[in-house]
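# Remarks on the overall topology
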Amino acid sequence: MTPDLLESGAKRREAYEARRAAVTGRTESGGRAAGHGRPLKVGEPDFAHGVALYLDDITVSFDGFKALNALSLSIDVGELRCIIGPNGAGKTTMMDCITGKTRPDAGKAFFGSTIDLLKLSEPEIAQVGIGRKFQKPTVYEPLSVFENLELALKGDRRVRASLFHRLDGEQLDRLGEVLALIHLRDEAQRAAGLLSHGQKQWLEIGMLLVQDPKLLLLDEPVAGMTDEETERTAELFLSLEGRHSLVVVEHDMVFVDLLTQGRKKVTVLHEGSVLAEGLLADVQNNEKVVEVYLGR
Ligand code: ADP
Ligand code: MG
């Protein structure tokens, strides 16, 4: 941990606190979840209609080139959706829009039925319950697996402040639960830098899970994994389905097959829009899909 990192973390935190105050002062429409009868906290997503994520007509241009072109997509609460498509189709750009990293030129993006993602900053989007896993793991290598999870749980990357702050019983339970889910219980005291590539990826997923995000975005999560690690990752994602909604971008068709189990819908992106949607077996036989993607 370099002083630079500590400082930029502190600055991010400050900026975030300021924005957070702005968010909690904001009122959302539909502040009462139908069917639950309890008032929602401001900023809490409303999933009463069964939709976790709703993208409508999203367009993103880079110097006139449309990376996303009127993209519409809807993910149900608890759904595990795989997104496939050739390089350059716009899959990562789609995740950038959902997480606030890129602002679309046009379109709508809602989390639940009330949270307009296009009005929130990146930290606010994480705060309302959307977690994103990038391809390259960003675990703190000198710290143990447990300490990495502990830091993530506290949502405060200022290492010192965080490590001297005690976890309560509920937080410890959550850490234990996540360690079991990511198959790293026996490695809890090991330095993260000593883990295999696959284990680091799981740790990073665990660092998202401790925050209990409602929606998880995973961009090529099994890239570079062994076959056994890939299978274990599929098991992990299947165990998360239901409690979380998952959007998984992946090229590895064996992995997609493991995740969809012959019954879940996949979405094929091409040139910034949905080319096809349906069961893997069906889209794999779709002429357009074979032509632009699978027929290579
Ligand atoms: P995928 O993840 O499906 O491979 P991307 O979303 O990364 O595709 O990219 C979609 C298209 O947008 C590509 O042609 C890529 O070169 C372009 N693109 C992505 N980000 C930028 C950017 N920041 N500036 C210019 N072009 C970009
Ligand atoms: Mg990509």
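Let me sum up the structure you'll find in this document.

Right, let's get into the site of ligand 1. Surveying the vicinity of ligand 1 reveals the residues Phe62, Ala67, Gly85, Asn87, Gly88, Ala89, Gly90, Lys91, Thr92 and Thr93. A total of 3 residues in the shell around ligand 1 trace back to one element, the largest contributor, which is helix α2 (residues 91-98). Looking at the shell around ligand 1, its residues break down into 3 nonpolar, 6 polar and 1 charged.

Side chains of residues three or four places apart in an α-helix project in the same direction, reflecting 3.6 residues per turn. Listing the buried residues of helix α9 (residues 253-260) in full gives Phe255, Val256 and Leu259. Looking straight down α9, one finds that the buried residues subtend no more than 100° of arc, so they occupy a single side. Lining the buried residues of α9 we find β3 (80-84), α8 (227-240), β8 (245-249), β9 (265-270) and α10 (280-284). Taken from the residues just after α9, Gln261 is the one with a positive phi, measuring 50°.

Quick look at the sheet that holds strand β6 (residues 130-133) now. The strand order β6-β7-β8-β3-β9-β10 describes an open sheet built from 6 strands, whose pairing is mixed. Every other strand in the sheet has two partners, leaving β6 and β10 (273-279) as the edge strands with one partner each. Neighbour to neighbour, the strand axes of the sheet diverge by 20° on average, direction disregarded. Packed onto the sheet, α2 meets β3, β6, β7 (215-219), β8 and β9 and runs at close to 150° relative to β7. Against the sheet, helix α11 (residues 287-294) engages β9 and β10, with an angle of about 115° to β10.

Before going further, it helps to spend a moment on the pairing of strand β2 (residues 65-76). By the bridge criterion, 8 bridges tie strand β1 (residues 51-62) to β2 in an arrangement that is antiparallel. Across the sheet, Val60 pairs through a bridge with Leu68, a residue of β2. A loop of 2 residues connects β1 with β2, the two strands running antiparallel in sequence, and Asp63 in this loop sits at a positive phi of about 50°.

So, about the pairing of β3. Among the 5 residues in β3, 5 count as buried, and that is most of the element. Residues Leu80, Cys82 and Ile84 point to one face of β3 and Arg81 and Ile83 to the other, with burial holding for every one of them. Pairing geometry for β3 and β8, over 4 bridges, is parallel. When the bridges of β8 are listed, Cys82 appears paired with Val248.

Conventions used here
- Residue positions are counted from 1 within each chain, in the order its sequence is given.
- Note on labels: chains are lettered from A, ligands numbered from 1, in written order.
- Selection of residues for local features in this predicted model requires a pLDDT of at least 70, selection of side-chain atom pairs for listing and counting requires 80 or more, and totals for whole chains, interfaces and linings are taken over all residues.
- Only the C-beta atom, placed from the backbone, is used; a residue is near a molecule or strand if that atom lies within 6 Å of it.
- Counting from the N terminus, the helices are DSSP H or I runs at least four residues long and the strands are E runs at least two residues long.
- Amino acids outside the nonpolar list (Ala, Val, Leu, Ile, Met, Phe, Trp, Tyr, Cys, Pro) and the charged list (Asp, Glu, Lys, Arg) are all regarded as polar, and Gly is one of them.
- Buried means a residue has 20 or more other C-beta atoms within 10 Å of its own C-beta, exposed means 12 or fewer, and partly exposed covers the counts in between; C-beta atoms are placed from the backbone.
- The arc refers to the directions leading from the helix axis to the C-beta atoms.
- Contact between residues is assigned whenever the C-beta positions, reconstructed from backbone atoms, fall within 7 Å.
- A pair of strands is labelled paired if DSSP reports no fewer than 2 bridges between them.
- Here an angle of 0 to 180 degrees is reported between the N-to-C directions of two axes, which are lines fitted to C-alpha atoms, with helices fitted over the stretch in contact.

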